[in-house]
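Chain and residue survey
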Amino acid sequence: MTAATVEFAKMNGLGNKILVVDMRGRVDRVSPAAAVSLAGNPETAFDQIMAIHDPKLSGTDAYIDILNCDGTRAQACGNGTRCVVQALAAETGRKTFTFQTIAGILNAVEHEDGTISVDMGEPVFEWNRIPLAEEFHDTSRIELQIGPIDAPILHSPSAVSMGNPHAIFWVDRDPMTFDLDRFGPLLENHPMFPEKANITLAQVTAPDAMTTRTWERGAGLTLACGSAACAAAVSGARTGRTGRRVTVTVASSPNRQTLTIEWRERDNHVVMTGPAEWEWSGTLDPATGAWQRSTSSESGASAS
């Protein structure tokens, strides 16, 4: 490793695999090639990279550059934002943070019990801002289905943007029983979604609870997706399936903790509260993706 390397932490948010990369004090970015290289190694495989850069706006603590495992850039990642908060809180002793992303400003706070709340901002329902390829007056139920016309497997999703486009398909049984690894790529890349979309199956289990599973745009099947949980919670309230505060169980997450999502009436903002977990730390080259585990972390080999 050389002086060109930076520190990073392997973390997870409810199972969502996250690399938090410290790019402060630098003018370069984590390259798409580096992201693909890191994603291809079982030890550093991730759903999103959260690269912390020096702030660009007065009043913010950092600019967060978010990359998917295919090297493309993402607008939002709620589970990853919680990981960033935990990392910076451990470094600084602070509890509140304001971040800038390409999707806008995110405010976050770490609570005394270790959970972290992220204000994900306001949901967007207008068809051309989600965006969709066709005009829909009511995006709470759009015309889209998978399977036979007379007996579709999935149909009539709710569409919403939480800084990134989401389609929520409502199902009446455990989302894990659906072949999402087959349907996910087809729906993510459907012509209806000019910027692709995150595809979520949501089962309402109570007026204040639901279970979700997500095929994530640019990442594929993921153990958890925070912005998708927010999109599902908002869509549940919008369609009258739930109230405005729900507990979301992510079916695919190995972590049995849940997310609490509140769509506040007073300001229309969506606030997500949940855990974050540090796994180990290391250094990496943001240009190539060559990496090494820190000797102070859990035992393990280095790679390049």
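Residues numbered from 1 in each chain as written. Predicted model: local features only at pLDDT ≥ 70, side-chain atom pairs only at ≥ 80, totals over all residues. Heavy atoms only, no water.

As a reminder of what qualifies: UniProt positions are given in the numbering used here, feature names are shortened, and annotations may be inferred rather than shown by experiment.
As recorded in an unreviewed UniProt entry, the protein goes by Diaminopimelate epimerase and comes from Ciceribacter thiooxidans. Under the UniProt heading Function (unreviewed entry), the note attached to the protein is "Catalyzes the stereoinversion of LL-2,6-diaminopimelate (L,L-DAP) to meso-diaminopimelate (meso-DAP), a precursor of L-lysine and an essential component of the bacterial peptidoglycan." Under the heading Pathway (unreviewed entry), UniProt records this for the protein: "Amino-acid biosynthesis; L-lysine biosynthesis via DAP pathway; DL-2,6-diaminopimelate from LL-2,6-diaminopimelate: step 1/1."

Brief notes about the layout of surface pockets
To be explicit about the condition: Think of a 1 Å grid over the protein atoms and nothing else: a 1.4 Å probe that fits but is trapped marks a cavity, an open set flanked by protein within 12 Å on at least five of seven lines marks a pocket, and residues with an atom within 4 Å of a point count as lining. Grid points are joined across faces, edges and corners, and a volume is the space filled by probe spheres set on the points. Here a strand is any run of E in DSSP of at least two residues, a helix any run of H or I of at least four, and the numbering for each starts at the N terminus. Each residue is assigned to one class: nonpolar for Ala, Val, Leu, Ile, Met, Phe, Trp, Tyr, Cys and Pro, charged for Asp, Glu, Lys and Arg, and polar for all the others, Gly among them.
One number sums up the size of the largest pocket: a volume of about 310 Å³. Along the walls of the largest pocket sit 20 residues, with A103, S161, M162, G163 and N164 positioned nearest its centre. Here the lining of the largest pocket takes three residues from strand β7 (residues 104-110), the largest share from any one element. Taken together, the residues of the lining of the largest pocket break down into 10 nonpolar, seven polar and three charged. Roughly 240 Å³ of internal volume is contained in the second largest pocket.

Focus on empty space enclosed by the protein
Scanning the model with the defined rule gives one cavity of 30 Å³ or more in all. Approximately 50 Å³ is the volume found for the largest cavity. Split by residue class, the lining of the largest cavity holds two nonpolar, four polar and two charged.

A short note on the packing of aromatic side chains
Our working rule: Aromatic rings from Phe, Tyr and Trp, with only the six-membered ring used for Trp, were paired whenever their centres fell within 6.5 Å, and each pair was classed as stacked if the ring planes differed by under 30 degrees, edge-to-face if by over 60, and tilted otherwise. Relative accessible area decides the class of each residue, using a 1.4 Å probe on protein chains only: under 20% of the type maximum gives buried, over 50% gives exposed, and in between gives partly exposed.
Inspection of every chain in the model, using the stated rule, returns four aromatic pairs. Between F125 and W263, the aromatic rings sit 5.9 Å apart at their centres with planes inclined by 70 degrees, giving edge-to-face as the arrangement. With F125 in the loop between β8 (116-119) and β9 (145-146) and W263 in strand β17 (residues 259-263), this residue pair connects regions lying 138 residues apart in the sequence. Residue classification places W263 among the buried positions, given a relative accessible area of 8%. Taken together, a centroid distance of 5.6 Å and an interplanar angle of 35 degrees make the contact between W280 and W291 tilted.

Focus on the side chain of T60
The criterion, for reference: Pairing of N or O atoms within 3.5 Å defines a polar contact, subject to two protein rules: one partner must be a possible hydrogen donor and the other a possible acceptor, and residues neighboring in sequence count only if both atoms are side-chain atoms. Should any heavy atoms of two residues lie within 4.5 Å, those residues are considered in contact.
For T60, the position within the fold is in the loop between β3 (48-53) and β4 (62-68). Only 2.6 Å separates the side chain of T60 from the backbone oxygen of L57, close enough to count as a polar contact. Setting aside its immediate chain neighbours within four residues, T60 contacts P55, T98, Q100 and I105.

Remarks on helix α1 (residues 32-39)
Put simply, the test is: By arc we mean the arc of the directions from the helix axis to the C-beta atoms, nothing more.
The complete set of buried residues in α1 reads A34, A35 and L38. An end-on view of α1 places all buried positions within 100 degrees of arc, on one side of the element. Tucked into the core, α1 has its buried residues touching β2 (16-22), β3, β4, β19 (277-284) and β20 (291-293).

Some words on unusual backbone geometry
Each neighbour pair has its own omega, and for I130 with P131 the value is -5 degrees, a cis peptide bond. Within the fold, P131 resides in the loop between β8 and β9. With a phi angle near 60 degrees, L14 is a residue other than glycine that sits in the positive phi range. Backbone geometry at N268 places phi at a positive 70 degrees, although glycine is not the residue there. Relative to the elements of secondary structure, N268 occurs in the loop between β17 and β18 (270-274). Exposure remark for N268: the relative accessible area of 23% places this residue in the partly exposed category.

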